[in-house]
Amino acid sequence: MVTQYKLHLQSLVLLISLVHLCMPVCVDVQSDTEGIVGKAMKLTCISCLKREEVSVTTFVKWLYTPSPTKGKNISYLIYEYNTNNSNVEDNPFKDRLNWNGSKDLQEVSIEIRNVTYNDSGLYTCEIRRKFGFELYTPIFEVIKTINLTVKEKASDDTTAIYSEIMMYVLLVFLTLWLLVEMVYCYRKISKSDEQAQDTATNYLAIPSEQKDNPAAPVTE
């Protein structure tokens, strides 16, 4: 549920960015850190360009460090992207990795299909950009890490749970309020009917002579 909530939030942010079609917008969204066994998992890595009108050559590397085993931390190169050329190295993720980056290479995400428990660990996204200015070609590097934990099922979202509880409480409150209003209206209508009936009964009890000849007002 947490993953679904974050995905909805990311989709909302990306949709807002698409509204400004005349002004390209890049939104740096953090990656999810919880994967579900058997499901696909997107590892989000975004590095926004400040000067999109300048030509740039982008290099991307994805490294994977498994959870510590026997005190050894070994990193594996699992994906490498070079401008106009991408490849997947021979590693445990072979045939399970997809490139999920954007055309402008501001997003350089990847996707793991059929996630397993063995996929838990630290993922490092290394972005190296070489800008093509006239007088010099500066190089900028960005490194982002994602600590992925794989679980059998998604964790419960406390916010969603509280919202659901409040929804049920509000529903019960509205139901009780409606019942009170119905009882109040019923009693009010019943009282009005009783008063009308009493008035009619009293009128019928008056002799017909008095009805035809009402008593003249008393004057001194």
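The name an unreviewed UniProt entry gives the chain is Sodium channel regulatory subunit beta-3, with Oreochromis aureus as the organism. Database annotation for the chain, UniProt heading Subcellular location (unreviewed entry): "Cell membrane". One UniProt comment on the chain, placed under Sequence similarities (unreviewed entry), says "Belongs to the sodium channel auxiliary subunit SCN3B (TC 8.A.17) family."

Enquirer: Even after reading the chapter, I still don't get the state of the cysteines, so can you show me in this structure?
Expert: Note: disulfide means a covalent bond formed between the sulfur atoms of two cysteine side chains. Counted by the stated rule, this structure contains one disulfide. Paired by a disulfide, Cys45 and Cys125 hold their sulfur atoms 2.1 Å apart. Because the torsion about its S-S bond is -85°, the bridge between Cys45 and Cys125 counts as left-handed. With Cys45 in the loop between strand S2 (41-43) and strand S3 (56-66) and Cys125 in strand S8 (residues 121-131), this pair connects stretches of sequence that are 80 residues apart.

Enquirer: Whenever I open this one, the pairing of S8 confuses me. Can you help?
Expert: Here S3 pairs with S8 via eleven bridges, running antiparallel. Bridge pairing in S8 places Val56 opposite Phe131.

Enquirer: It is not clear to me how unusual backbone geometry should be interpreted in this structure. Could you clarify?
Expert: One non-glycine residue, Leu105, lies in positive phi territory at about 60°. For Leu105, a relative accessible area of 11% gives the class buried. Phi is positive for Asn114, close to 50°, though the residue is something other than glycine. In this fold, Asn114 is placed in the loop between strand S7 (110-112) and S8. Classification of Asn114 as partly exposed rests on a relative accessible area of 46%.

Enquirer: What am I meant to see in the sheet that holds S7 here?
Expert: Reading across from one edge, S2-S7-S6 is the order of the three strands in this open sheet, with antiparallel pairing throughout. Strands at the two margins of the open sheet, each flanked by one partner only, are S2 and strand S6 (97-99). In this sheet, neighbouring strand axes are inclined to one another by 25° on average, regardless of whether the strands run parallel or antiparallel. In this sheet, S7 lies alongside S6 in antiparallel orientation, the contact comprising three bridges. Each residue of the ladder has a partner; that of Leu97, found in S7, is Ile112.

Enquirer: I tried to follow the UniProt feature "transmembrane region" (unreviewed entry) in the chain on my own but got confused; where do I start?
Expert: UniProt tags residues 165-186 as "transmembrane region" (unreviewed entry). Along residues 165-186 the backbone is 100% helical and 0% strand, and the end-to-end C-alpha distance reaches 32 Å.

Enquirer: Please explain the packing of aromatic side chains as it appears in this structure.
Expert: Each pair of aromatic rings is reported with the distance of its centres and the angle of its planes. Tallying each qualifying case throughout the model produces six aromatic pairs. A ring pair is formed by Phe93 and Tyr123, whose centres lie 6.0 Å apart and whose planes are at 65°; its orientation type is edge-to-face. Taken together, the residues Phe93 in the loop between strand S5 (85-87) and S6 and Tyr123 in strand S8 connect sequence positions 30 residues apart. Pair check on accessibility: Phe93 and Tyr123 agree, each one buried. Here the aromatic residues Tyr64, Phe93 and Tyr123 are joined through ring pairs into a cluster of three or more.

Enquirer: Explanation requested: the confidence of the model for the chain in the structure shown.
Expert: Reading fine detail from the predicted coordinates is not recommended where pLDDT is low. Of all residues in the chain, 69% have pLDDT values of 70 or greater, and the mean over the chain is 76. The low-confidence segment residues 5-9 (pLDDT under 50) makes three contacts with residues lying over four places distant or belonging to another chain. In this model, residues 12-23 is a region of pLDDT below 50 whose contacts with residues beyond four sequence positions or in other chains number five contacts.

Parameters at a glance
- Residues numbered from 1 in each chain as written.
- Predicted model: local features only at pLDDT ≥ 70, side-chain atom pairs only at ≥ 80, totals over all residues.
- Heavy atoms only, no water.
- UniProt positions renumbered as here; feature names shortened; annotations may be inferred.
- Disulfide = S-S within 2.5 Å.
- Helix = DSSP H or I, 4+ residues; strand = E, 2+ residues; numbered from the N terminus.
- Pairing = 2+ DSSP bridges.
- Buried < 20%, exposed > 50% of the residue type's maximum accessible area, 1.4 Å probe, protein only.
- Axes fitted to C-alpha atoms, helices over the stretch in contact; angles between N-to-C directions.
- Phe/Tyr/Trp six-rings, centres within 6.5 Å; stacked < 30°, edge-to-face > 60°.
- pLDDT = per-residue confidence, 0-100.
- Contact = heavy atoms within 4.5 Å.

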